[in-house]
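# Examining the three-dimensional arrangement
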Amino acid sequence: MYDLIIIGGGPCGLTAGIYSSRAGLKTLIIEKAMPGGQAANTHLIENYPGFPDGIGGWELMQLFTKQAEKWGTTFETAAITGVSANGDIKIVHAENQDFTAKAVLIATGATPKYLGVKGEKEFVGKGVSYCGTCDGPLYRGKEVIVVGGGNTALQEIDFLSRFVDKIHLINRSSEYRAQKALVDKMHKNNKVVQYLNAQVTEIFGSQIIEGVKIDQNGTTKTLPAQGVFIFVGHDPVTDFCKNFLATDERGFLKVNYELECSRPGFFGGGDVITKDFFQVATAVGEGALASHSVEMFLK
């Protein structure tokens, strides 16, 4: 029996682990892979306080993990299939066993969205990628497509530029959603060719990607490329709990100002909850607040 089970080991979950363990709560973090979440795949995080020159996402998440372990947080690797409650006891169902606690924090984050165009699924792993930091070095000296106009897209362009010769940036709007500093940096990158008011309609090739077709202001264009990197948002990882806890129309968890979900003793934080701003810093704040709310709930 744990005081708190945290599902998800990203910035929110790890922060909650640090705070709750320091508060004397018996805390377990369950993560299906390595701790760190999406943040661990970010090449360079330049806006996290305390690191004026930036810090690698993997490095930062390793520091979070080490700190959580220092205060006594324990970790399990498991894929979660559901959550439920039996009176005051909260149950977290995994594939091969169940875990019980007095409170549960869901911090499972989100997964990259698909474009849903012809050729996308067929070329996953054969040129289509959702992580520039993971796959960028494979495209040294090549020509690639980046789809998206948010922070992630422009951060990944900065990393990809170390390896590729040319980047075709496809943005469906006439403006970018990313922070101004990232947009300004992208504009100075002579490897980037921008296509505004454009969207990919097809990814084509034989054994590997050869190019994409785009529609720009009603005109069809064909762009050569050996890789396509897609950054068009995320879908929340809530399939295991959305029939038990209230979610919005997009599937994100609904929480109150204390980050409590629709059932007592269940909390949410990080990229999995309904909000408009998704950052490591906000996830960290939510992890701290969720831990405090759990502590007050248990008292």
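Anything mentioned here points back to the structure above.
Along each chain, the written sequence defines residue order, and numbers are assigned to residues from 1. pLDDT decides what is reported in this predicted model: residues at 70 or higher carry local features, side-chain atom pairs at 80 or more are listed and counted, and totals for whole chains, interfaces and linings draw on all residues regardless. In computing side-chain values, all of the structure's heavy atoms are included and hydrogens and water are not.

## Side note on the pairing of strand β9 (residues 143-147)
This is how the line gets drawn: Relative accessibility thresholds used throughout: buried, under 20% of the residue-type maximum; exposed, over 50%; partly exposed, between the two (1.4 Å probe, protein chains only). Secondary structure follows DSSP: runs of H or I at least 4 residues long count as helices, runs of E at least 2 residues long count as strands, and numbering of each begins at the N terminus. Think of it this way: DSSP has to see at least two bridges between two strands before they count as a pair. Throughout, right-handed denotes a crossover for which the path from the first strand over the helix to the second runs clockwise when the strands point away from the viewer.
Counting buried positions over the 5 residues of β9 gives 5, a clear majority of the element. Along β9, one buried face is formed by Glu 143, Ile 145 and Val 147 and the opposite face, lined by Val 144 and Val 146, is buried too. The sheet contact formed by β9 and strand β10 (residues 166-171) spans 5 bridges and is parallel. Bridging across to β10, Glu 143 finds its partner in Lys 166. In this fold, β9 hands off to helix α4 (residues 151-160), which returns the chain to β10; that crossover is right-handed.

## A short note on the packing of α4 against helix α5 (residues 180-187)
Definition in use: Inter-axis angles, ranging from 0 to 180 degrees, are taken between N-to-C directions of lines fitted to C-alpha atoms, where helices are fitted over the stretch in contact. Each angle receives one of four descriptions, namely roughly parallel if under 35 degrees, roughly antiparallel if over 145, roughly perpendicular if within 65 to 115, and oblique otherwise. Working rule for handedness: look at the near helix, and if it is turned counterclockwise from the far one by less than a right angle, call the crossing left-handed; if clockwise, right-handed. Residues are treated as being in contact if the distance between any of their heavy atoms lies within 4.5 Å. Gly counts as polar in this scheme, as do all residues outside two lists: the nonpolar Ala, Val, Leu, Ile, Met, Phe, Trp, Tyr, Cys and Pro, and the charged Asp, Glu, Lys and Arg.
For the pair α4 and α5, interaxial distance at closest approach is 10 Å and the crossing angle is 40°. Regarding the angle of α4 to α5, the classification is oblique. Remark: the crossing between α4 and α5 carries left-handed chirality. For the pair formed by α4 and α5, the contact residues are Asn 151, Leu 154, Gln 155, Ile 157 and Asp 158 on the first element and Leu 182, Val 183, Lys 185 and Met 186 on the second. Looking at the contact of α4 with α5, its residues break down into 5 nonpolar, 2 polar and 2 charged.

## Describing the sheet that holds strand β15 (residues 227-230)
Across the sheet, which stays open at both edges, the 5 strands sit in the order β8-β15-β9-β10-β11 with parallel pairing between neighbours. In this open sheet, the two strands that pair with only one neighbour each are β8 (128-129) and β11 (192-196). The pairing of β8 with β15 spans 2 bridges and is classified as parallel. From the neighbouring strand, Val 128 faces β15, where its bridge partner is Val 228.

By themselves, these figures tell us nothing about what the structure is for.
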